[in-house]
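Reading the structure
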Amino acid sequence: MSDGISEESADVVGVLTERIEARFDMGMDQLKAAVAAAPTANPDATDVVKWHGLLVEAQSVLERAEDDLLAALQTQPSEVDDPTMGLAHRVNAAVTARDGRAMVVRWLLDPNAPGKKDLAAERLARLRPRPGPAVQTSAPNRPAGSTAPATAWRSARAAR
């Protein structure tokens, strides 16, 4: 999905935040408040807000991992030890997580993205959470003192 964001962009979150604000014609804080007030009113906005939050979280994890790695590298001699190499792997994992979440946000913002206008998209739309069940899904309340069928079955079996 080529959208003008270079892979080396240092501010992935900022660029995507601007695109979200432009798409929904409001600031992120306003959009979050609108989604919190009516989460089912616009499922696209709800999805974007959710994934944007996950993206921001991943960016924070990445920044902490980078800071930890930089601090460790400043105390290292010319050879990198195993704990420092572990920090480098943590940075790589954080980049992967952040980039994956950024890809989801970009996909959500692109109305012509692959998979949005075919049979798979229709199936996904049917799987989207609904406000509540159409029919009652739990057993009705029984009056005090009445026995539920499972209890009656256990009693009959114990009497044998």
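All of the points below concern the structure found in this document. Since this is a predicted model, take the numbers as computed values, not measurements.

**Looking at the overall build of the chain**
- Counting its secondary structure elements, the chain contains six helices and zero strands.
- Each helix and strand of the chain, ordered N terminal to C terminal, gives the series α-α-α-α-α-α.
- The burial tally for the chain puts 22% of its 160 residues in the buried class.
- For the chain, the share of sequence-separated contacts (at least 6 apart) that also reach a separation of at least 24 residues comes to 58%.
- Here the chain displays about 11,400 Å² of accessible surface, and carbon together with sulfur accounts for 56% of that area.

**A look at the nonpolar core**
- Counting residues in each nonpolar core, the largest one holds 16 residues, and the members touching the most others are Ile20, Phe24 and Leu31.
- For this core, the elements supplying multiple residues, two or more each, are helix 1 (12-24), helix 2 (28-37), helix 3 (43-74) and helix 4 (82-109).
- Ranked by the residues each element gives to this core, the list is headed by helix 1, at five residues.
- Excluding its chain neighbours within four sequence positions, the residues that come into contact with Phe24 are Leu31, Asn42, Asp44, Ala45, Val48 and Leu109.

**A short note on a nonpolar patch on the surface**
- A contiguous nonpolar surface patch, about 240 Å² in accessible area, is contributed by Leu73, Val80 and Met85.
- One can find Leu73 in helix 3.

**Here's the deal with the side chain of Arg98**
- Relative to the assigned elements, Arg98 resides in helix 4.
- Excluding anything up to four places from it in sequence, Arg98 contacts Val12, Leu55, Ala58, Gln59 and Leu62.

**Here we look at the packing of helix 1 against helix 4**
- At a closest axis distance of 11 Å, the pairing of helix 1 and helix 4 adopts a crossing angle of 20°. Here helix 4 runs roughly parallel to helix 1, going by the angle between their axes. The element helix 1 and its partner helix 4 pack so that their crossing is left-handed. Facing Val12, Leu16, Arg19, Ile20, Arg23 and Phe24 of helix 1, the residues of helix 4 in contact are Arg98, Ala102, Val105, Arg106, Leu108 and Leu109.
- Split by residue class, the contact of helix 1 with helix 4 holds eight nonpolar, no polar and four charged.

**A closer look at helix 3**
- The end-to-end C-alpha distance of helix 3, which contains 32 residues, comes to 47 Å, matching closely the 46 Å that a straight helix rising 1.5 Å per residue would cover.
- Of the residues making up helix 3, those classed as buried are Ala45, Val48, Val49, His52, Leu55, Ala58, Gln59, Leu62, Ala65, Leu69 and Ala72.
- Check the buried side of helix 3 and you find it contacts helix 1, helix 2 and helix 4.

**Concerning the pattern of salt bridges**
- Evaluation of the coordinates by the stated rule reveals three salt bridges.
- Here Arg90 makes a salt bridge to Asp68, at a shortest N to O gap of 2.5 Å. Separated by 22 residues along the polypeptide, Arg90 in helix 4 and Asp68 in helix 3 bring together distant segments of the chain.
- With a shortest N-O distance of 2.8 Å, Asp99 and Arg98 are connected by a salt bridge.

**Overview of the environment of Val56**
- For Val56, the position within the fold is in helix 3.
- It is 6.6 Å that separates the C-alpha atoms of Val56 and Val13, two residues lying 43 residues apart in sequence.

**Here's the deal with the environment of Ala94**
- Relative to the elements of secondary structure, Ala94 occurs in helix 4.
- For the pair Ala94 and Val61, spaced 33 residues apart in the sequence, the C-alpha separation amounts to 6.5 Å.
- Other than its neighbours up to four places away in sequence, Ala94 contacts Val61 and Leu62.

Rules of the game
- Residues numbered from 1 in each chain as written.
- Predicted model: local features only at pLDDT ≥ 70, side-chain atom pairs only at ≥ 80, totals over all residues.
- Heavy atoms only, no water.
- Helix = DSSP H or I, 4+ residues; strand = E, 2+ residues; numbered from the N terminus.
- Buried < 20%, exposed > 50% of the residue type's maximum accessible area, 1.4 Å probe, protein only.
- Contact = heavy atoms within 4.5 Å.
- Areas by Shrake-Rupley, 256 points an atom, 1.4 Å probe, with all protein chains shown as cover.
- Core = buried A, V, L, I, M, F, W, Y, C linked by side-chain atoms within 4.5 Å.
- Patch = residues over 30% accessible without salt bridge, like charges linked within 9 Å, V, L, I, M, F, W, Y side chains within 5 Å.
- Salt bridge = Lys/Arg side-chain N within 4 Å of Asp/Glu carboxyl O.
- Axes fitted to C-alpha atoms, helices over the stretch in contact; angles between N-to-C directions.
- Parallel < 35°, antiparallel > 145°, perpendicular 65-115°, else oblique.
- Left-handed = near helix turned anticlockwise from the far one by under 90°.
- Nonpolar A, V, L, I, M, F, W, Y, C, P; charged D, E, K, R; others polar.
- Expected span 1.5 Å × (residues − 1).

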